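Structural features, examined
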Amino acid sequence: MPKIIVFDVNETLLDLKVLDEPFRKIFGDVRIKSEWFSQLLHASTVVTLTGAYTDFGSVGGHALEIVAKRNGVSLREEDKLLISGTMKNLPPHPEVPESLRRLKDAGLRIAALTNSSQEMVTAQLTNTGIYNLFDIVMSVDGCQKFKPAPEVYQMAAQELKEEPGNLCLVAAHEWDISGAMRCGWSGAFIARPGKVLGPLSVVPEIVGPDLQAVAEQLLK
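Figured I'd write up the structure that's included with this text. (Residues numbered from 1 in each chain as written. Predicted model: local features only at pLDDT ≥ 70, side-chain atom pairs only at ≥ 80, totals over all residues. Heavy atoms only, no water.)

**Re the overall build of the chain**
- A count of helices and strands for the chain gives 9 helices and 6 strands.
- Each principal axis of the C-alpha distribution contributes one length, and for the chain these read about 50 × 35 × 35 Å.
- Residue burial in the chain is summarised as follows: out of 220 residues, 52% are buried.
- Here the contacts in the chain between residues at least 6 apart in sequence split such that 63% fall between residues at least 24 apart.
- Accessible area for the chain stands at about 10,200 Å²; split by element, carbon and sulfur atoms hold 52% of it. (Helix = DSSP H or I, 4+ residues; strand = E, 2+ residues; numbered from the N terminus. Buried < 20%, exposed > 50% of the residue type's maximum accessible area, 1.4 Å probe, protein only. Contact = heavy atoms within 4.5 Å. Areas by Shrake-Rupley, 256 points an atom, 1.4 Å probe, with all protein chains shown as cover.)

So, in structure tokens, the structure goes:
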């Protein structure tokens, strides 16, 4: 069993479904949310590879502008604030609080590692009431590169003062799992709806449909 369980945050722990209504209001089509999130990940990869780091919220605004132009929508400032405000108040998936407590009660150290800024993730986890369950909450702000860049997982291992082999990343994104495992971590994949492993993915030791199922496997 790994010494420390490290969790991705957005989609893994927090549910993006509450963004459906803001995207329906702004774009008239909730499917634009998926287009925006894909554009957000694409943009974060570009700024990492080009060395032009800026915080995840700014990258999210950039991605929103691109998606709006692509779909012929004129964004208002209040629209941007609606999306950013909703992101700050995402609810946890239903099974998350109790599953985290089970892991904590079993004596495991738990941490968070996110592409969000330190300010944003602190607000997100505080607003859900689960912030205090984590031994440490880490943002990529610390190395100014976005996951799945190797530097992110190396930074986290240094912050946690542990060898990579003692760390396990839990995430709902196959690219995040692959990034961590290629840096020597173990991995646990939460196969939330629409999330799948691909042929180029590094296959993790643990796969489950939600955090409850993953936590049970981690505790075996």
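**Here's the deal with the nonpolar core**
- Counting residues in each nonpolar core, the largest one holds 75 residues, and the members touching the most others are Phe7, Trp36, Phe134 and Trp185.
- Beyond its immediate stretch of four places on either side in the chain, Phe134 contacts Phe7, Leu13, Leu100, Lys104, Ile110, Ala111, Ala112 and Leu125. (Core = buried A, V, L, I, M, F, W, Y, C linked by side-chain atoms within 4.5 Å.)

**Some words on the side chain of Ser44**
- Relative to the helices and strands, Ser44 resides in helix 2 (residues 32-50).
- For Ser44, a relative accessible area of 1% puts it in the buried group.
- With residues up to four places along the chain from it excluded, the contact list for Ser44 reads Phe56, Val59 and Phe146.

**Regarding the environment of Gly187**
- Considering the arrangement of structural elements, one finds Gly187 in strand 5 (residues 186-190).
- Given a relative accessible area of 2%, Gly187 falls into the buried group.
- With 183 residues separating them along the chain, Gly187 and Ile4 place their C-alpha atoms 11 Å apart.
- Once residues lying within four places of it in the same chain are set aside, the contact partners of Gly187 are Cys168, Leu169, Ile177, Met181, Pro204, Glu205 and Ile206.

**Regarding the packing of aromatic side chains**
- Taken as a whole and assessed by the stated rule, the structure comprises 7 aromatic pairs.
- Look at Phe23 and Phe27: their rings are 5.6 Å apart centre to centre, the planes differ by 15°, and that puts the pair in the stacked class. On the criterion of helical spacing, the pair formed by Phe23 and Phe27 is a turn pair, its members being 4 residues apart in helix 1 (residues 20-27).
- For Phe23, a relative accessible area of 0% gives the class buried.
- On the basis of relative accessibility, which here comes to 13%, the residue Phe27 falls in the buried class.
- Between the aromatic rings of Tyr53 and Phe146, the centroid separation amounts to 5.0 Å while the plane-to-plane angle is 35°, which identifies the pairing as tilted. (Phe/Tyr/Trp six-rings, centres within 6.5 Å; stacked < 30°, edge-to-face > 60°.)

**Regarding the state of the cysteines**
- Applying the stated criterion to the full structure yields 0 disulfides.
- No disulfide involves Cys168; its nearest neighbouring cysteine sulfur is the one of Cys183, lying 14 Å away.
- For Cys168, a relative accessible area of 2% corresponds to the buried category. (Disulfide = S-S within 2.5 Å.)

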